[in-house]
Amino acid sequence: MDVKNDVVVCTPLEFESLEEMVASMEKAKAEGADVVELCMASMAAPYLSHQVVDQLLERKTLPAIVSFRLKSSRTLSKGGCYDTCLKVLKRALELDVEFVEMDYEVACEVNMAEYLHNRSNTRIIVSNYVNDGRPSVEKLVDIIACMQATGADVIKLDLCVDYITDLAPIFTVLTHCQVPLIAMAVGNSGLISQLLGPKFGGFLVYGSLGGKPVPGLPSLVSLRQVYKLEYTNVDTKVFGLVSNPVAHSKGPILYNPTFRHMGYNGIYVPMLVDDIEEFFETYSGSDFAGFSVGIPHKEAAIRCCDEVHPIAKSIGAVNTIVRRPMDGKLIGYNTDCEAAISAIEDALTDRKVSSKGVPNSTSSLISGRTFVLIGAGGAGRALAFGAKYKGARIVIFNRDYKRAKALADEVSGEALLYEALEMFRPETGAILANASAIGMEPNSHQSPVSKEALRAYDLVFDVVYTPRNTQLLKEAAEVGVTTVSGVEMFVRQALGQFRLFTGGSAPEDLMRKLVMEQF
Ligand SMILES: O=C1C[C@@](O)(C(=O)O)C[C@@H](O)[C@@H]1O
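Residues numbered from 1 in each chain as written. Predicted model: local features only at pLDDT ≥ 70, side-chain atom pairs only at ≥ 80, totals over all residues. Heavy atoms only, no water.

Here the focus is the UniProt feature "domain: Quinate/shikimate 5-dehydrogenase/glutamyl-tRNA reductase" (unreviewed entry) in the protein. In the UniProt entry, the feature "domain: Quinate/shikimate 5-dehydrogenase/glutamyl-tRNA reductase" (unreviewed entry) is given for residues 366–432. In this annotation, residues 366–432 is assigned 33% helix and 22% strand; the end-to-end C-alpha distance for the span is 12 Å. (UniProt positions renumbered as here; feature names shortened; annotations may be inferred. Helix = DSSP H or I, 4+ residues; strand = E, 2+ residues; numbered from the N terminus.)

Here it is in structure tokens:
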């Protein structure tokens, strides 16, 4: 795990002027790029001259790829574009730049033998845009073979994927390809093509420059500071959060440094998943070792497991899935329930409130209280069953009343119409728990209930942890109600999850610190 691989991180620079290109090269270096791709087709027509290529390469501070993608030029006509492309690439070759990148169609038309003959150290990348949903392994192998026949030193596949499952053939091809291969999948579902690239043998990893996010590309800073791909190798176990949305999660900043701290060879990545069953059918290999399960998949994930822990089974939702090394079976757990309930109990204990009807010190401080729950999805189920087990009386509000009623029946509670939430006034000592996504970034100004209604509660808890201090919690604190943040639940569920993922202990102080630093 200490041995670093030689992963090369590249950032594509698309700017119109020479000045911007030069300034962004400096920025790329500062953010940790090893190589910059000078996307010449993005430059305005007046800059597409010999002189500008000369100046760019003279002033560069990192190894560079000079590329010219015919389709990217906004300023040149088709014919003019082709001629300019050849001129720019030839000049870059004469100047002995590290890499020249040309489209496959260009590589087929030019006299490649001449290009190859005239270069001294430059390596030639031939790239091809593949845009047909989910290409099969066979199709990709054929495309690569044709591209290789051009004499390319490096092959680059630019892919446009709709779903994370579309990436699976790319990983297979990366693993088996004999030529240096770059796979770049654009679009939000493409992210893991970069993050797992080095594990599967990709030649380059692309990252985006700060302030210029590109869908599907991790930022340079996250590659260097969070994922540290230089420590991944073929044996690295892949863990990830299966969720939609997924970008809000603090999982990557928590797990990746913790894996390294513990000397565990693992990487944790966001996995934007739409169809969870298809996801688990597709990523069924032993490399994919464990998963956090987020919204909206916690209930459906049960169906994907071969075995489910009894607590998760009774809750009817899992937030953790581990692939058992022995037989590859998927085992589901729920670490949300214990995390949320213990966070609420500890807050009540800290406040030294003796709740209504608490018989003695061994019983839970939740016992005997009314537990008002908003949301009847996966997280809501964990809270409902946890609170019920601790002896609370459960009242459930959910936009879809039928779901509220079904869950209420399972925990011998009561379901009320969502519209009644605002006017609902529980008896003294009640706990309000939001298990819906209301108030989550980017909708952080929203709250499920008004400040006025919050006065009726003794404690308010929110599963939403981005932002840490949700509108609901802010307003509860303003009217003097005790609050418990979803951050506390997030940390606790992750501690349980980390133990299940690694089979070892979880460094609580470090994990808390990593999460708290983010807020
Ligand atoms: O609900 C959550 C939060 C989470 O989805 C996240 O990282 O945001 C991770 C899940 O394990 C957990 O149950």
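Before going further, it helps to spend a moment on the pattern of salt bridges. In total, this model carries 34 salt bridges according to the counting rule given. For D34, the salt bridge is made with R224, and the minimal N-O distance between the two is 2.8 Å. One end of the pair, D34, is in the loop between α1 (18–30) and β2 (35–39); the other, R224, is in helix α10 (residues 220–227), with 190 residues separating them in the sequence. A relative accessible area of 28% means that D34 is categorised as partly exposed. With a closest N to O distance of 4.0 Å, D158 and K156 form a salt bridge. Pair check on accessibility: D158 and K156 agree, each one buried. (Salt bridge = Lys/Arg side-chain N within 4 Å of Asp/Glu carboxyl O. Buried < 20%, exposed > 50% of the residue type's maximum accessible area, 1.4 Å probe, protein only.)

In this section: the nonpolar core. L38, M40, L56, F68, M102 and M271 are the most contacted members of the largest nonpolar core, which has 98 residues in total. Per element, the largest residue contribution to this core is seven residues, and it comes from helix α3 (residues 78–94). If we skip the residues at most four places from it in the chain, L38 touches L13, M21, M25, L56, L57, A64, I65, V66 and S67. I341, F371, A435 and V484 belong to the second-largest nonpolar core, a separate cluster that totals 37 residues. (Core = buried A, V, L, I, M, F, W, Y, C linked by side-chain atoms within 4.5 Å. Contact = heavy atoms within 4.5 Å.)

Next up on the list: the environment of P507. Topologically, P507 is positioned in the loop between α20 (486–502) and α21 (508–516). Between the C-alpha atom of P507 and that of Q493, which follows or precedes it by 14 residues, the distance is 13 Å. Contact partners of P507, with chain neighbours within four places excluded, come to T258, H261, M262 and F498.

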